[in-house]
Amino acid sequence: MKFNKYARHYELDDLHVLFNMLNDVIVVIDKELFDAINPYLKTPLDIQRINRELYNNLLKSKFIVPGSADETEELISSWQEEDRNPAQIKLTVNPTLQCNLRCWYCYEDHSGQSKVSPATMDAIKCLIDNTFSRGSLQKLLLDFFGGEPLLYFDSCVKPLVEYADHAAACCGKAIGYALTTNATLLSDNVCRTLSSLHGPVSLQITLDGDRERHNNIRFFESGKGTFDIIIANIKRALSYGFYVTVRFNYTSKNYDSYQPLLKEFDNITEEQKRYLDFSFHRVWQEDESEDVEARILETKSTLSDSGFDVNIPVSLGTGICYADRSQNLVINHNGLVYKCTARDFSPERAEGRLLDDGSVQWNERYFQRENIKYGSETCRRCSIFPLCHNGCSQSKLEQKPDDGSCPKGYSDSYKEDIAKARATQLLQLKTNKHIIINN
């Protein structure tokens, strides 16, 4: 037996922390116990004599692996198995790339007219039928993105959700619905239609700080702010029993305005609170020279103490991006097929085209992504491969071919700094992946 090559030991906040990059798990032990096992870190079988409970936890969490284990191949195999799982398919539809707001950081081009055509609508329905015909499918998640999808609710969203809902009921499959929306058009009519469906409905709605700062970013063409409308419509959605993720887009200019937002939700019921969670995302177009992450963690703690679910996505962690999953498709209004929603939907980024029969004709860009999504040979030899693996395949597509050097330009010492930072973050977030051992 051996310690796996992606395991590290750190002293963090006067605690001894063992961090396993292979599965993003940390073990926290006290100093006395660490001092007892420290001489045996290279002979882990001997740890059984010191503390069998600790040994069993380390074995279960893959800190300790067979001497013949190939940790890198095991990791890639787990990603491939996850990727091949056909039980759930996510289909994202962009009814339009137009929007009724103009946020400064939006990467979409809202000029011109873009609206899903009748031919594309028919092809999407065929795709839904094809998806439900798969015997292995357990659930379809039908998602709407854009642009603002509710601009074309009656002509696109409503017909598709009703069609999919009927198809799911006919074949006995589960279905769920999701919309990424600015919520300014989330009327009672829209909510009544969505609430009549047989699957759960989830909404992602963005706020950009308190009333003043939000209204300086998200406003109508007339200049009127949207804060009060969006808050009212979030509460409307909760009253219908929809799951709502309020996305806080934070920058160095608005990060301190989210704690006061709690008062906007003082009057929701405990039942409605169960359907509401908050998610923090840094605006990536902003210069990140100012570190505000510690303050965001403080805000998270305040919200959590008030009984809300809070999520702070991590920049590095094990697992593959949604765009790298084979069971994930993004259908644009013009029938072009994409994998990633974090880039603009220009034709040159398309990876295929939806055909009339609901099948997808993939292009060379798609096959390039498939060939690189698990990392280059250089990346697979890297000491922090589980955390980095050169990022999502979208970023891999945009980088130069493998030349034997780190594509991100990281030094060995900086790589270890990244691993330590991830362990520190896990400790601060207090995730349910922690295993705490006391002497």
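Just above sits the structure.
So, here's what we can say about the structure. All values derive from a computational prediction rather than experimental measurement. (Residues numbered from 1 in each chain as written. Predicted model: local features only at pLDDT ≥ 70, side-chain atom pairs only at ≥ 80, totals over all residues. Heavy atoms only, no water.)

### Observations concerning helix H3 (residues 52-60)
A turn of α-helix holds 3.6 residues, and therefore any two residues three or four places apart point the same way.
Phase 1: Turning to H3, its buried residues number three or more, namely Leu54, Tyr55, Asn57 and Leu58. Looking straight down H3, one finds its buried side chains confined to an arc of 165 degrees; they lie on one side. Residues of H3 that are exposed and point more than 90 degrees away from the buried face comprise Glu53 and Lys60.
Phase 2: N-capping of H3 is provided by Asn51, with a side-chain oxygen placed 3.1 Å from the backbone N of Glu53.
Phase 3: Of the residues trailing H3, Lys62 is marked for its positive phi of about 65 degrees. (Buried < 20%, exposed > 50% of the residue type's maximum accessible area, 1.4 Å probe, protein only. Helix = DSSP H or I, 4+ residues; strand = E, 2+ residues; numbered from the N terminus. Arc of directions from axis to C-beta. Polar contact = N/O pair within 3.5 Å; in protein donor to acceptor, adjacent residues only side chain to side chain.)

### Thoughts on the pairing of strand E3 (residues 15-20)
Phase 1: Among the 6 residues in E3, 5 count as buried, and that is most of the element.
Phase 2: With 6 bridges joining them, strand E2 (residues 7-12) and E3 adopt antiparallel strand pairing. Directly across from Leu12, in E3, lies its bridge partner Leu15.
Phase 3: Linking E2 to E3, which pair antiparallel, is a turn of 2 residues; within it Asp13 sits at a positive phi near 50 degrees.
Phase 4: Looking at chain direction, E3 and strand E4 (residues 25-29) are connected through 5 bridges and run antiparallel. Opposite Phe19, over in E4, you have Ile26 as the bridge partner.
Phase 5: If you look at the hairpin formed by E3 and E4, you'll find 4 residues sitting between the two strands, and Asp24 has a positive phi there, around 65 degrees. (Pairing = 2+ DSSP bridges.)

### Re the sheet that holds strand E13 (residues 328-331)
Phase 1: Strand order in this open sheet of 11 strands is E12-E11-E10-E9-E8-E7-E6-E13-E14-E15-E16, and the pairing throughout is mixed. Only two strands of the sheet have a single partner each, and these edge strands are strand E12 (309-311) and strand E16 (360-362). With strand direction ignored, the average angle separating the axes of adjacent strands in the sheet is 25 degrees.
Phase 2: Where strand E7 (residues 139-144) lies against strand E8 (residues 174-181), 6 bridges are found, and the strand directions are parallel. When the sheet's bridge partners are listed, Lys139 is paired in E8 with Ala174.
Phase 3: Strands in contact with helix H5 (residues 118-132) are strand E6 (88-93), E7, E8, E13 and strand E15 (352-354); relative to E6, the strand with the most contacts, it is inclined by about 175 degrees. (Axes fitted to C-alpha atoms, helices over the stretch in contact; angles between N-to-C directions. Contact = heavy atoms within 4.5 Å.)

### Observations regarding the nonpolar core
Phase 1: By size, the foremost hydrophobic cluster in this structure holds 68 residues, and its most contacted members are Leu91, Leu207, Ile234, Phe248 and Leu276.
Phase 2: The element best represented in this core is helix H6 (residues 153-171), accounting for 8 residues.
Phase 3: What Leu207 contacts, discounting residues up to four positions off in sequence, is His214, Phe227, Ile230, Ile231, Ile234, Val246, Arg247, Phe248, Asn249, Tyr258 and Leu261.
Phase 4: Counting 25 residues, the second largest nonpolar core, distinct from the first, contains Tyr6, Ile320, Ile384 and Leu426. (Core = buried A, V, L, I, M, F, W, Y, C linked by side-chain atoms within 4.5 Å.)

### What about the packing of aromatic side chains?
Phase 1: Taken as a whole and assessed by the stated rule, the structure comprises 13 aromatic pairs.
Phase 2: Look at Phe248 and Phe278: their rings are 5.2 Å apart centre to centre, the planes differ by 15 degrees, and that puts the pair in the stacked class. Here the residue Phe248 occupies a position in strand E10 (residues 243-250), and Phe278 occupies one in strand E11 (residues 276-282), the gap between them amounting to 30 residues.
Phase 3: What makes Phe248 buried here is its relative accessible area of 1%.
Phase 4: When the centroid spacing of 5.6 Å and the interplanar angle of 70 degrees are considered together, the rings of Phe265 and Phe278 count as edge-to-face. With a gap of 13 residues between them, Phe265 in the loop between E10 and helix H10 (270-273) and Phe278 in strand E11 connect regions that are remote in the sequence.
Phase 5: Grouping aromatic residues by their ring pairs yields a cluster made of Phe248, Tyr250, Phe265, Phe278 and Phe280.
Phase 6: The ring of Tyr40 carries Arg49 above its face, with NZ or CZ at 5.4 Å from the centroid. (Phe/Tyr/Trp six-rings, centres within 6.5 Å; stacked < 30°, edge-to-face > 60°. Lys NZ or Arg CZ within 6 Å of the ring centre and 35° of its normal.)

### A word on unusual backbone geometry
Phase 1: Put simply, Gly146 and Gly147 share a cis peptide bond, and its omega is 25 degrees.
Phase 2: Its location among the elements puts Gly147 in the loop between E7 and H6.
Phase 3: At Lys62, a position not held by glycine, the phi torsion is positive, near 65 degrees.
Phase 4: One non-glycine residue, Ala183, lies in the positive phi region at around 70 degrees.
Phase 5: By the secondary structure assignment, Ala183 is in the loop between E8 and helix H7 (188-195).

Any functional reading would require information beyond the geometric quantities listed.
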